[in-house]
Amino acid sequence: MSRATTLLSTPVRQAIAGRDLIVFDGECVLCSGFFRFMLRYDRQARFAFATAQSDLGQAIYTDLGLPTGDFETNLVCVDGRIYEKLDAFAAAMSAIGWPWRALAAVRLLPEPFRSALYLRIARNRYRLFGRYDTCMIPSPKVRGRFLDLGADG
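Residues numbered from 1 in each chain as written. Predicted model: local features only at pLDDT ≥ 70, side-chain atom pairs only at ≥ 80, totals over all residues. Heavy atoms only, no water.

Concerning the sheet that holds strand 1 (residues 2-4)
Reasoning step 1: Ordered by their spatial adjacency, 5 strands build an open sheet running 1-5-4-2-3, and the pairing between neighbours is mixed. Looking at which strands have only one partner, the edges of the open sheet turn out to be strand 1 and strand 3 (47-51). Within the sheet, the average angular offset between the axes of one strand and its neighbour, ignoring direction, is 20 degrees.
Reasoning step 2: As defined by bridge partners, strand 4 (residues 75-78) adjoins strand 5 (residues 81-84) across 4 bridges and the pair is classed as antiparallel. Its bridge partner being in strand 5, Val 76 is matched across the sheet by Tyr 83.
Reasoning step 3: Across the sheet, helix 2 (residues 29-41) lies against strand 2 (20-24) and strand 3, angled at about 155 degrees from strand 2, the strand it touches most.
Reasoning step 4: Of the strands in this sheet, strand 2, strand 3 and strand 4 touch helix 3 (residues 55-63), which is tilted by about 95 degrees from strand 2. (Pairing = 2+ DSSP bridges. Helix = DSSP H or I, 4+ residues; strand = E, 2+ residues; numbered from the N terminus. Axes fitted to C-alpha atoms, helices over the stretch in contact; angles between N-to-C directions. Contact = heavy atoms within 4.5 Å.)

Some thoughts on a nonpolar patch on the surface
Reasoning step 1: Side chains of Leu 30, Phe 113, Leu 117, Ile 121, Leu 128 and Phe 129 sit close together on the surface and give an oily, nonpolar patch of about 510 Å² of accessible area.
Reasoning step 2: When residues in the nonpolar patch are grouped by element, the largest group, 5 residues, is from helix 5 (residues 111-129).
Reasoning step 3: Position of Leu 117 among the secondary structure elements: in helix 5.
Reasoning step 4: The partly exposed category is assigned to Leu 117, whose relative accessible area is 34%. (Patch = residues over 30% accessible without salt bridge, like charges linked within 9 Å, V, L, I, M, F, W, Y side chains within 5 Å. Areas by Shrake-Rupley, 256 points an atom, 1.4 Å probe, with all protein chains shown as cover. Salt bridge = Lys/Arg side-chain N within 4 Å of Asp/Glu carboxyl O. Buried < 20%, exposed > 50% of the residue type's maximum accessible area, 1.4 Å probe, protein only.)

Description of the packing of helix 2 against helix 4 (residues 85-96)
Reasoning step 1: Where helix 2 contacts helix 4, the axes come no closer than 11 Å and their chain directions differ by 15 degrees. Comparing the axis directions of helix 2 and helix 4 gives the class roughly parallel. Seen from above, helix 2 lies across helix 4 with left-handed handedness. Here Phe 34, Phe 37, Met 38 and Tyr 41 of helix 2 come into contact with helix 4, specifically with Phe 89, Ala 92, Met 93 and Ile 96.
Reasoning step 2: Grouping the constituent residues of the contact of helix 2 with helix 4 by class yields 8 nonpolar, no polar and no charged. (Parallel < 35°, antiparallel > 145°, perpendicular 65-115°, else oblique. Left-handed = near helix turned anticlockwise from the far one by under 90°. Nonpolar A, V, L, I, M, F, W, Y, C, P; charged D, E, K, R; others polar.)

Considerations on the nonpolar core
Reasoning step 1: Counting 21 residues, the largest nonpolar core has Ile 22, Phe 24, Met 38, Phe 47, Phe 49, Val 76 and Ala 92 as its most contacted members.
Reasoning step 2: Counting only elements with at least two residues in this core, the list comes to strand 2, helix 2, strand 3, strand 4 and helix 4.
Reasoning step 3: With 6 residues, the single largest contributor to this core is helix 4.
Reasoning step 4: Phe 49 has contacts with Leu 21, Ile 22, Phe 24, Phe 35, Met 38, Leu 39, Arg 145, Phe 146 and Leu 147, leaving out every residue within four places of it along the chain.
Reasoning step 5: Core analysis: the second largest hydrophobic core is formed by 20 residues, Leu 21, Ile 60, Leu 64 and Leu 75 among them. (Core = buried A, V, L, I, M, F, W, Y, C linked by side-chain atoms within 4.5 Å.)

What to know about the packing of helix 4 against helix 5
Reasoning step 1: Orientation of helix 4 relative to helix 5, taken along the N-to-C sense of each, is 95 degrees, at an axis distance of 8 Å. Here helix 4 lies roughly perpendicular to helix 5, going by the angle between them. From helix 4, Lys 85, Leu 86 and Asp 87 reach across to helix 5, where they touch Arg 114, Leu 117, Tyr 118 and Leu 119.
Reasoning step 2: Its residues assigned to classes, the contact of helix 4 with helix 5 comprises 4 nonpolar, no polar and 3 charged.

Focus on the pattern of salt bridges
Reasoning step 1: For the structure on display, the rule yields 9 salt bridges.
Reasoning step 2: In this structure, Asp 79 engages Arg 46 in a salt bridge whose closest nitrogen and oxygen atoms are separated by 3.2 Å. A residue pair is termed long-range when its members are at least 10 positions apart, and Asp 79 in the loop between strand 4 and strand 5 and Arg 46 in the loop between helix 2 and strand 3 qualify at 33 residues.
Reasoning step 3: By relative accessible area, Asp 79 is classed as exposed at 62%.
Reasoning step 4: The residue Asp 70 makes a salt bridge to Arg 125 at a minimum N-O spacing of 3.7 Å. Separated by 55 residues along the polypeptide, Asp 70 in the loop between helix 3 and strand 4 and Arg 125 in helix 5 bring together distant segments of the chain.
Reasoning step 5: Given a relative accessible area of 3%, Arg 125 falls into the buried group.
Reasoning step 6: Beyond isolated ion pairs, a larger network of salt bridges with shared partners links Asp 20, Arg 46 and Asp 79.

Pasting the structure below:
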């Protein structure tokens, strides 16, 4: 399932500026690992990033009616559509191409199973994988790929 980025507030749409975006929990070891994976394998630098804890991340979660204190879903915006949970992972894998596109096959899992699997991992991610005390601070090179409200990109 996906939603159109047109559902987002004007300041959020302006901050994203039509880019593909990954919003992730910057304190979650698993989520930050996904971010590092995408940095490494998104060879076209297609994706920009925001942590869920940032002003932009908070605004996106608010616009979508999602909790702004517990980030049980990562968000991926691709081609003007916002994906959540395993659909977000599948959208990101499809966008970076082969061989990673094959992992988008998770979309083929029946919906009740897909949601249950995702929620089981999401609700236990800190216990299973750990939690950072603070969000990571990206290097200057990587910082340019992070977006926030009022940022030029």
